[in-house]
Structures are given as C-alpha cells and as structure tokens.
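# Topology and contacts: notes
So the chains spell out like this:
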2 protein chains.
Amino acid sequence: MSALYRWPDYDAVELHRARSARVQAFMREQELDALLLVGPDHIRYATDFRAHLTNESEWFAALVTRDGEAEIFLPYIDETIVDPYPELPWVRAVHAVASWSAATANPATWIAAVARAARSLGSRLRLGIDSVDQGLLSGLQRELDLTPVPVGTGLHRLRREKHPTEVLLLDAVSRVNAGAMEAALGAARVGGTDHEVLAAAMAYQQAAGVEFVTHSVCNLRNGTGDWFAGGRRFAEGDPFFFDIGCYGPGGYASDAGRTGFVGEPAPEHLAAYEHLQTAYRIAQDLAVPGAKASSLLAACNEYLESHGLGRTPYAIGHGVGLRICELPTLFSPGLMDEDVTLVEGEVIALEPETTVVVDGRATVFKIEDDFVVEAHGLRRLTEIPGPEEFVGA
Amino acid sequence: MSALYRWPDYDAVELHRARSARVQAFMREQELDALLLVGPDHIRYATDFRAHLTNESEWFAALVTRDGEAEIFLPYIDETIVDPYPELPWVRAVHAVASWSAATANPATWIAAVARAARSLGSRLRLGIDSVDQGLLSGLQRELDLTPVPVGTGLHRLRREKHPTEVLLLDAVSRVNAGAMEAALGAARVGGTDHEVLAAAMAYQQAAGVEFVTHSVCNLRNGTGDWFAGGRRFAEGDPFFFDIGCYGPGGYASDAGRTGFVGEPAPEHLAAYEHLQTAYRIAQDLAVPGAKASSLLAACNEYLESHGLGRTPYAIGHGVGLRICELPTLFSPGLMDEDVTLVEGEVIALEPETTVVVDGRATVFKIEDDFVVEAHGLRRLTEIPGPEEFVGA
C-alpha cells in the first residue's frame, strides 16, 4: 500500500484555542508581556503557524501577545502583510526578514524587523524567549527596553499534557509510520542497500501525505558505530535496524524503529532479539500512570544484563508531540532534570536496544514504538494501517 | 535510474584541516579561548562531527579549543568516552547529556555536563557561542567565569568561501538532486497526487545515498498560498512547482526546484513560464565575480514586471554549503545586512519565481538551480547525472 492516507478530520481552531489558553495562562503566571519564539514547534504550539519549511529552523520568529495574538517574521516575503491568513485570524501581520538565511546570518535585518513590531507592544517589556541567539537578543536590547525571560524549559513542560485532538493526530501519523516500517522491512533484500530500505520508508510516508520526514537512519553491519546508512549491501542472514520519523498533519510526530533480518538469522542473533522483545515487554508493562520515569530503563537493562546482553545506553523513551522527541525524558537519575511520573493521556515512544557479540563482532538490535499512556497502561499507536484507511481504497 | 550514486572519493582529513584552520584563525582574531557550538552545521564545519541525526537540532553541543580539539555532547550515550573516533582524532571525548531531548528540556543536566568539560579549559574563558539558549547560558555563567561572545554571524561569513573539496561535494549532491527532480517531474500524472511527486524525489535521493532530506514541498493549484503538498490531484494541463533539497556525504547540500506541467499547459501559463526562464537567464548572466548581490533580483524583477508578471517576492538566491541556505543572501538593500559582491569559487542557488493571473486564478512558477561562481560566470551544478555515475551501472 503506497497511497494517500485518510487523515482524520479535526477542529484545528478548537485545538489552537486549547493550546493558546495554556500558553496564555503560562504567560500570566510568569508575568510576561509577550513571547518571542524562534523554535518551529513552540511557534506552532502558540500560533498554529507552520514555521517549518525545511530542517533549517532559524528562519522564522513569532511575537505572541498575552491575548494570544501573533506577528510572524517570514523568510519569503518582501513587505508586511496585515491579516494574512483568514484561517488564522489571530495572526495579525507577517513581516519580512532576510530570505533563506539563519537569523544570525543577517542579524541587523532581523533585529530591525523584530524591534519595529515589538515596539508597538509597549515599553519595558518582560519578554519570554526560547532559544533566541545572544547576538540577536543584545541587538534587540539596544533598541528596546526589555527584560528577556528564558521560557524554553517551561514551554516544554507545558506541552507534556496532550489534548484529545493531539492524541488523535499522533495516532494517525503513528499508523502511517508503522506502514512505512512495514514497507522498509519488505524492501530489504540480499544485494540491496541500506539506503533502499530507507527509500521505501520515505516514499511510503511521503505518498501517504506526511508533512515532513524528520529522520531516516539504518544500521546494517555497523556494529556499535553510528546509525547512518552507508551504502552497505545486505547479505543472507544479516540483521539490521532502522529508525524513522515524520510529522503528519498539524505537525504531530511519529518516531519508531524496527529490527529486521534478511533470510535466516544466526541463532545467537535471534536469541538476542527475543530477549530484547522481553525487555521491551517488561518496560511497557511498567509504563502506567504514576510510574517513575527512571524505572523503565532500569528494569529493561537489568533484564538485558542478566542475560549477558548489552544495555540500552540512552534514554529508553521520550514524549512525542509537535517534536519527535519531547518531555518526559525516560532516562536515569543524573541524566535528566526530573524523575517525573508518567501521566495519563501523554504520548511516549519507547526504544530499547541491546548489543550482542558473536564471533567477536558486535550487532545492535533496536525496536521503537509510540504509545499513549492510558489508565491501565499503554496503548500502542504504531499499528499498521489497513487498506481501507487509504484514499481510493 | 534509482540506485546508489558513486559519490566522489575525497580527503576528509584534509578538508577538516582546511576548515579548522579557518576557524582557529577566526578564534585568534576574536581572542576567543574556545567555542561552544550547538548548530549542527557549525559543529560539522569546526569538528567534522555529524551532529545531525534528525531535524531536531538542539541535541548536540561541541566545545572547540583554539587548537581545534573538541569535546562533544551526545544525546545517545550514558557515560563519557575518551578518544571515541579513530577517524576524528581531534575529538578528545564525548559526554552524555539527556537523550532525545532539546537541551532546554533538561537544562540542568546539560549545564552540568558542559560546565564540567569547560572547567578544564581554564578560568575566565572568553567563549564564542552560536545560538546557545539564554537559559542554558545563564546556567553556565553561574558555574563558570565566562564571557560569552556571539559568533554565529562571524562563522556564517567565514563559511562563504569554499574549499575545492567543498565544491566537489556540492557538485555531487547537486547532480543527485537534479536526478531526483527529473524523477519527480516524471511522477506527475493526471489523477496522481502532489505527495506522489515528492515521494518519487525522496525515494531517488535516499536510494542514491544522501545523508538527509532537508525539504520537500510542492505547490499544485495553491495559488500564492503556501508551498506544502496538500493531497491535491493533478488534472490535465496543471502547472505545478516543487522545491527539494538534501545533504550528501560530508553534509554538503543541494537546494533546487522545477516547474512542471501535466499534459498541455494553457498558453498564458506557458508564456509566463518562458518569461520566467528569460528573467532567470538575465540573473544568471549578471552573476559574475564582483557583481552586487542586489543586482540579480532587481534585474529579474524589472524584466518580470515589465511583462506584467508578478515579481519574485523574496531573495533570488543564497549560498549553499553545510546548510542548504547560507551566505551570501541575494535580496534587496534593507532586506539583507550587506550588499556584498559575488566571489569566485562560492556556491549559490538562484530561485526566481513569478505569478500570473489567468481567469482570476493566480499561478506561481518557480525554478531553482545550484551554481558555482567561476571567473567568467556561473557553472550549473544541478545537472542530471548519467547512468554511469551509479554503482552497478
């Protein structure tokens, strides 16, 4: 199946209002007059504007008022346009900055445009900022009397709780990503390349109508080295894994991965993969509301190490939303800021890996799925869609 | 042709040394003790480390000394590893930060890790920074006596001049991207979708062995609205354009686009497209070393407007390198910081567009190619590769 997915209908205005209300409450709590955002995900959360045209994400900025109104700085216009988007009436204007360049490549142009718009918001602004470059910020401070307040962490924390429409959209894109993984597994063949496997996944994702492919990596015979496809060719019995992701409509993400085998695997490889699946099951079973973030990786690694297998050397999971990876971080104490407890309704990815050494050669196995945390445990979102879920079927 | 491209052999160590020497000279000029970089492109330029696993680019950081040695902070390890990469001996260590999260999602963890490593570089550091979040920076300043010096703009300017190996790599990836455009044009069919066109391009890019797809947009019957594919289906005579990009080996980019027609175009559409090609030719002919950046767009738009067509409403071009869009910006005075003159050996993309209104309906046409600026003018890099350029051919 490689066709356009029937993406769910949803009320984008209601979703925007729900997210904007949270942002506005946060601004009141922090006594902020406005936000100046440059992160495409934060901009989208606060304004519903799709500030992501490429993976170069320093092209856009948004000024957001305490009423949730916004002015946006765009890299593809040459004049200010008032009330530009009938479907986003809260966006009052869009302004030109230097096209096709990081804000820091043309800082004076950026500072002039942003200062001009910010000046109308009042004087002595308390301005919440995400990762605005220090050089840009200093320039703004020469133009305006403003107190910058870093809010990136606060916004990330705010975004953990998911609205039901967010879960609906995360569900849909996870299904498409699961279909893409199936296509990728089916594309692995003796003599074919790791790139071909990823090409099959991408073609599936893009034909289904995703907004953006976020990543696409495949480890074939690269041991504990990096995960990048390297033009390697599959041989009989080869294990491999890949990790792929995309944003669907609304900008909601799926991040997932699979281990595959070409032909008949070695018994030691199959055994290690089966142990990984058991460790994965253990972690999933622990993931109920109230579970400590650190408990999942600890249990997974205890099982793997007790079977002589390599541990997962990174966070076993993370939240998924308008970024492929967001809070909560499911790692170990000391390697995350807070050992939070899981919350009903949030969406997470789990991604255990293990390493087995056979005849002196290390092989890494990895699985990743997306889940929503429900009252009694996880519901998996990365389920392969049926043919009836596609347009024209 | 959809197969693995024969990427050129090149001396990665020599390229690293050449780039690192430029960075070190810049640090001496700026009297910097070290750099703290978070931009994947700046990290790669200074260290050759591929800090780009997904489009979420706030996962990595690098501390770079005046000798060009580096310590890197990774989102997928749980302990420090000394001398981790035999092929990058200048990377002295890699350190763990919170996995799979923006640095600002787990700021305390990030600050502790970076401060620990930075402390060994000495006290009273003058530290060059790119877009390090203000909250992270304040945290570091509580731990260390450091003076942050914004260097993002300086690094972007430094990177305009291209080493011959950079041109070699930009040439190769541009050829692959040109092949992908040809595949995309061939995939447009009556009844098919805009997403299918992009899927064909992506599958081609990925099968050829690109490192990363940067963007993939297609405007089919969306007028002057956004460029995102929307599940629209082609009808006889439809014009459309797409804009696609990717990073090839070494992380060098191509950014390009084409206008296409399904079946027989309306005469007014064809005429507008031919005028766009003439305007494009005019801009290309002007692009010789010493030409003013602003002159290209001005001439292009003068031609288009004199023929009653819509102007290109953004920069007509930009540099291409370790980012798909970098300096120089080829826009208008006031919409870029410097009206520079073109330099022999630099690589640029040119991307004029025009709009024509037929029967009250606006249609946008766009073309984009990558070029190297040579002594007597432009040499186009986005040339369709021959079958002999692929492995197995």
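Every value quoted in this text rests on a predicted model; they were computed, and no experiment measured them.

Quick notes on the rules
Residues numbered from 1 in each chain as written. Chains lettered and ligands numbered in written order. Predicted model: local features only at pLDDT ≥ 70, side-chain atom pairs only at ≥ 80, totals over all residues. Heavy atoms only, no water. Least-squares fit on C-alpha atoms with pLDDT ≥ 70 in both. Contact = heavy atoms within 4.5 Å. UniProt positions renumbered as here; feature names shortened; annotations may be inferred. Helix = DSSP H or I, 4+ residues; strand = E, 2+ residues; numbered from the N terminus. Pairing = 2+ DSSP bridges. Axes fitted to C-alpha atoms, helices over the stretch in contact; angles between N-to-C directions. Expected span 1.5 Å × (residues − 1). Buried < 20%, exposed > 50% of the residue type's maximum accessible area, 1.4 Å probe, protein only. Arc of directions from axis to C-beta. Domains from an automatic or database assignment. Buried area = accessible area lost by both parts, 1.4 Å probe. Salt bridge = Lys/Arg side-chain N within 4 Å of Asp/Glu carboxyl O. Polar contact = N/O pair within 3.5 Å; in protein donor to acceptor, adjacent residues only side chain to side chain. Nonpolar A, V, L, I, M, F, W, Y, C, P; charged D, E, K, R; others polar. Parallel < 35°, antiparallel > 145°, perpendicular 65-115°, else oblique.

### Regarding the relation of the copies chain B and chain A
Two chain copies, one operation linking them: a rotation about an axis together with a shift along it. Each copy superposes on the other: chain B lies on chain A with an RMSD of 0.0 Å after a rotation of 180° and an axial shift of 0.0 Å. Here the transformation between the copies is reduced to the relation of a two-fold axis. A share of 100% of interface residues in chain B that are also interface residues in chain A marks the association as one of identical surfaces.

### As for the UniProt feature "domain: Creatinase N-terminal" (unreviewed entry) in chain A
Residues annotated in UniProt with the feature "domain: Creatinase N-terminal" (unreviewed entry) correspond here to residues 19–159 of chain A. Along residues 19–159 of chain A one finds 35% helix and 23% strand; the C-alpha atoms at either end are 9 Å apart.

### Looking at the sheet that holds strand β4 (residues 81–82) of chain A
Residue and element names in this part refer to chain A. Strand order in this open sheet of 7 strands is β4-β5-β3-β2-β1-β6-β7, and the pairing throughout is mixed. The outermost strands of the open sheet, each flanked by one partner alone, are β4 and β7 (146–150). Relative to strand β3 (residues 70–74), strand β2 (residues 61–65) runs antiparallel, the two being bridged by 4 bridges. In the sheet register, Ala-62 faces β3, and the bridge partner there is Ile-72. Most of the contacts of helix α2 (residues 40–47) go to β2, to which it runs at about 35°, and overall it touches β1 (34–37), β2 and β3.

### Comments concerning helix α8 (residues 267–286) of chain B
All names here are of chain B. Taking 1.5 Å per residue as the helical rise, α8 with its 20 residues ought to reach 28 Å, and the 29 Å between its terminal C-alpha atoms agrees with that figure. Taken together, the buried positions of α8 are occupied by His-269, Ala-272, Tyr-273, Leu-276, Ala-279, Tyr-280, Ala-283 and Gln-284. Down the axis of α8, the smallest arc covering the buried residues is 140°, so these residues share one side.

### Concerning the UniProt feature "domain: Peptidase M24" (unreviewed entry) in chain A
When the UniProt feature table is mapped onto this chain numbering, "domain: Peptidase M24" (unreviewed entry) sits at residues 172–374 of chain A. Across residues 172–374 of chain A, the secondary structure splits into 32% helix and 28% strand, with the terminal C-alpha atoms separated by 17 Å.

### A short note on helix α9 (residues 293–306) of chain B
Think of an α-helix as 3.6 residues a turn; residues three or four steps apart then line up on the same face. All names here are of chain B. Listing the buried residues of α9 in full gives Ala-293, Ser-294, Leu-296, Leu-297, Ala-299, Cys-300, Asn-301, Tyr-303 and Leu-304. The elements touched by buried residues of α9 are α8, β12 (326–330), β13 (347–350) and β14 (353–358). Positive backbone phi, at 70°, marks Gly-308, one or two positions downstream of α9.

### Notes on the domain arrangement of chain A
Residues and elements named next belong to chain A. Looking at chain A, the domain boundaries give domain 1 (12–157) and domain 2 (164–389). Look at where the C-alpha atoms of domain 1 and domain 2 centre, and you get two points 34 Å apart. The interface is formed by 13 residues belonging to domain 1 together with 14 residues belonging to domain 2. Summing both partners gives a buried area of about 1,200 Å² for domain 1 against domain 2, and 57% of it is carried by carbon and sulfur. Looking only at domain 1, the three residues that lose the most surface to domain 2 are Leu-15, Arg-44 and Arg-157, adding up to 39% of its buried area. At the surface where domain 1 touches domain 2, the tally comes to 4 salt bridges. In this structure, the salt-bridge partner of Glu-211 is Arg-44, at a minimum N-O distance of 2.8 Å. Linking domain 1 with domain 2 are 5 residue pairs in polar contact (both at pLDDT 80 or more). Looking at the side of domain 1 that touches domain 2, the elements with two or more residues in it are α1 (12–29), α2 and α5 (152–158). When its residues are assigned to classes, the side of domain 1 that touches domain 2 shows 3 nonpolar, 4 polar and 6 charged.

### Quick notes on the pattern of salt bridges
For the coordinates displayed, the defined rule picks out 56 salt bridges over all chains. Across the salt bridge formed by Glu-351 of chain A and Lys-366 of chain A, the nearest N and O atoms sit 2.4 Å from each other. Here the residue Glu-351 of chain A occupies a position in the loop between β13 (347–350) and β14 (353–358), and Lys-366 of chain A occupies one in strand β15 (residues 361–366), the gap between them amounting to 15 residues. A relative accessible area of 2% places Glu-351 of chain A in the buried class. A relative accessible area of 0% means that Lys-366 of chain A is categorised as buried. Its salt-bridge partner being Asp-369 of chain B, residue Arg-380 of chain B comes within 3.6 Å of it at the nearest N-O pair. Of this pair, Arg-380 of chain B sits in strand β17 (residues 377–380) while Asp-369 of chain B sits in strand β16 (residues 369–374), and the two are 11 residues apart along the sequence. Taking the relative accessible area as the measure of exposure, Arg-380 of chain B reaches 35% and is therefore partly exposed. Judged by its relative accessible area of 1%, Asp-369 of chain B falls in the buried class. Each of Asp-41, Arg-159, Lys-162, Arg-323 and Glu-326 of chain A together with Glu-56 and Glu-58 of chain B takes part in salt bridges that share partners, so that together they form one network.

### Re the interface of chain B and chain A
With 80 residues of chain B at the interface, the matching set in chain A holds 80 residues. Between chain B and chain A the total buried area reaches about 6,600 Å² when both faces are included, carbon and sulfur atoms providing 55% of it. When the buried area of chain B at its contact with chain A is split by residue, Asn-55, Trp-100 and Gln-206 of chain B rank highest and sum to 11% of it. Counting every contact that joins chain B to chain A gives 8 salt bridges. As a salt-bridge pair, Arg-311 of chain B and Glu-79 of chain A come within 3.7 Å of each other at their nearest N and O atoms. In this assembly, chain B and chain A are joined by 41 residue pairs in polar contact (both at pLDDT 80 or more). When contributions to the side of chain B that touches chain A are tallied by element, the ones reaching two or more residues are α3 (107–119), α4 (134–143), α5 (152–158), α7 (194–208), β8 (212–220) and β12 of chain B. Here the side of chain B that touches chain A gets 7 residues from one element, more than from any other, and that element is α7 of chain B. Split into classes, the residues belonging to the side of chain B that touches chain A amount to 40 nonpolar, 27 polar and 13 charged.

### Observations regarding the packing of helix α1 (residues 12–29) of chain B against helix α6 (residues 164–187) of chain B
Residue and element names in this part refer to chain B. Across the interface, α1 lies against α6 with an axial gap of 9 Å and an inter-helix angle of 120°. With respect to α6, the element α1 is oriented oblique. Across from Glu-14, Leu-15 and Arg-19 in α1, the residues of α6 making contact are Thr-165, Glu-166 and Leu-169. Taken together, the residues of the contact of α1 with α6 break down into 2 nonpolar, 1 polar and 3 charged.

### Topic: the environment of Pro-84 of chain B
All names here are of chain B. Along the chain, the position of Pro-84 falls in the loop between β4 (81–82) and β5 (91–96). Each C-alpha atom of the pair Pro-84 and Val-94 lies 6.9 Å from the other, and the pair is 10 residues apart in sequence. Beyond its immediate stretch of four places on either side in the chain, Pro-84 contacts Val-91, Arg-92, Ala-93 and Val-94.

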